[in-house]
Amino acid sequence: IALKDADRARRITLVAEPAPAQVLREHPSVDHVIVFHKKAGLRGIHRLRDDFRGRRVDLTLNMQRHFKGVFPVFFSGAPVRIGLDPGKVREGVWRFSNHHIEPEPWSHTQDMLLRFLKPLGIPRPDPLEWRITFSEAERGHQSAFFGNLPDAPVVGLVLGSNVARKDWPAERYAELADALASRHGATVLLVGGPGERELATAAVILRGSETKPISTLADDVRRMMWTVDGCDLLVSPDSGPLHLAHALGVPVVGLYGHTNPARVGPYERFRDLLVDAYHDEGELPDPRRTKAREGRMQLITTSAVLERVERAFDGYVSAPWRHVVRQEKQG
């Protein structure tokens, strides 16, 4: 957004894997999206190369630590290639950039990415905006879905992440769903994709809860997005839907144990809703800790999550329950 706002004539192409590419599909600051099918191996790399053919690129910003970020940089042929400082990347990625952002201590990932603006002479936006945008048709589907739900708060439960060790135990979601229904009369939605782990977790919840949540699991990123946008509250491990909720202004209770919330937790807002099992008792949050910690998600109790849920209802969720466009909350 900052790049486009600084120069409306600037044309911005984003390279992303299939799921995040869908998030960017309607974004007003993105002129073109190239999908990198990394999981397709050599075929995906060849397709990426073909997508760059005949495309003029003057500048690349490689915000990736891992080697997958090298391929777009190489195929772009851009004369100016800005990357993370060498101390932040792996696998020799720094060698493919001819400029690097200034070395600084590890910080929240959002802060680190905003540093790419400095060498371009663009000031940090204040306030930050994400401007996630939905089409008119998507708004229609959203209105039809939420319009058929009871006049009550809607709470989404995100059942999985990209790494199993970041997930919360399935049976605790069932306890949480029943507590949400009994304490707040909430309609509970199960949010996520059609992966094996998510479907297995959903089955445990539906068998183990007295209040049967509504499953919205589907292989449709855009539907997941407008579902999250329509919720009054989201409960999620470290995942794409969690960060999407943050960007959309939807209150989110973040469940962190495997990854460091000081580095990859919600940025600036909803920090008071975090459940932090990553840090030991008395240990100050420190974004310089980059190593994952094993077995910590099991330490998050249902009661700890419910305490944050109550805090969310007291401070963020308010009646009447109107599931409407949240564009005004995205700043």
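Residues numbered from 1 in each chain as written. Predicted model: local features only at pLDDT ≥ 70, side-chain atom pairs only at ≥ 80, totals over all residues. Heavy atoms only, no water.

### Topic: the pairing of strand β6 (residues 154-158)
Under the convention used in this document: Summary of the burial criterion: residues with accessible area below 20% of their type's maximum are buried, those above 50% are exposed, and those between are partly exposed, where the area comes from a 1.4 Å probe applied to protein chains only. Secondary structure elements follow DSSP: runs of H or I no shorter than four residues count as helices, runs of E no shorter than two count as strands, and numbering proceeds from the N terminus. For two strands to be treated as a pair, DSSP must find no fewer than two bridges joining them. With strands facing away from the observer, any crossover in which the path from the first strand over the helix to the second runs clockwise is taken as right-handed.
Burial analysis of β6 places five of its five residues in the buried class, the great majority of the element. Along β6, one buried face is formed by V154, G156 and V158 and the opposite face, lined by V155 and L157, is buried too. Relative to strand β7 (residues 187-191), β6 runs parallel, the two sharing five bridges. When the bridges of β7 are listed, V158 appears paired with V191. One crossover worth recording links β6 to the parallel β7 by way of helix α7 (residues 170-184), and it is right-handed.

### Looking at the packing of aromatic side chains
Put simply, the rule is: Pairs were defined over the aromatic rings of Phe, Tyr and Trp, the Trp ring being its six-membered one, requiring ring centres within 6.5 Å. Orientation was assigned from the angle between planes: stacked under 30 degrees, edge-to-face over 60, tilted for the rest.
Scanning all chains against the criterion turns up eight aromatic pairs. Taking the centre distance of 5.0 Å and the plane angle of 80° together, the rings of W168 and Y173 count as edge-to-face. Look at W168 and you get buried, because its relative accessible area is 3%. Exposure remark for Y173: the relative accessible area of 0% places this residue in the buried category.

### A closer look at empty space enclosed by the protein
We count it as follows: The distinction between a cavity and a pocket rests on a 1 Å grid over the protein atoms alone: a 1.4 Å probe fits inside a cavity but cannot get out, while a pocket stays open yet meets protein on both sides within 12 Å along at least five of seven lines, and a residue with an atom within 4 Å of a point counts as lining. Grid points are joined across faces, edges and corners, and a volume is the space filled by probe spheres set on the points. For this classification, Asp, Glu, Lys and Arg are treated as charged, while Ala, Val, Leu, Ile, Met, Phe, Trp, Tyr, Cys and Pro are nonpolar and the rest, including Gly, are polar.
Tallying each qualifying case throughout the model produces one cavity of 30 Å³ or more. Put simply, the largest cavity is a space of about 30 Å³. Considered class by class, the residues forming the lining of the largest cavity number three nonpolar, two polar and two charged.

### Re the nonpolar core
What counts is decided by this rule: Side-chain atoms within 4.5 Å link the members of a nonpolar core, which is a set of buried Ala, Val, Leu, Ile, Met, Phe, Trp, Tyr and Cys residues. Two residues qualify as a contact provided that any one of their heavy atoms is within 4.5 Å of a heavy atom in the partner residue.
Ranked by internal contacts, the top residues of the largest apolar core, which has 56 residues, are L157, L176, V235, V253, L255, V305 and V309. Among all residues touching L176, those that are not within four sequence positions of it are L157, W168, V235, T302, V305, L306 and V309. Membership of the second largest hydrophobic core comes to nine residues, among which are I82, I101, W106 and F116.

That's the geometry; what it means functionally is another story.
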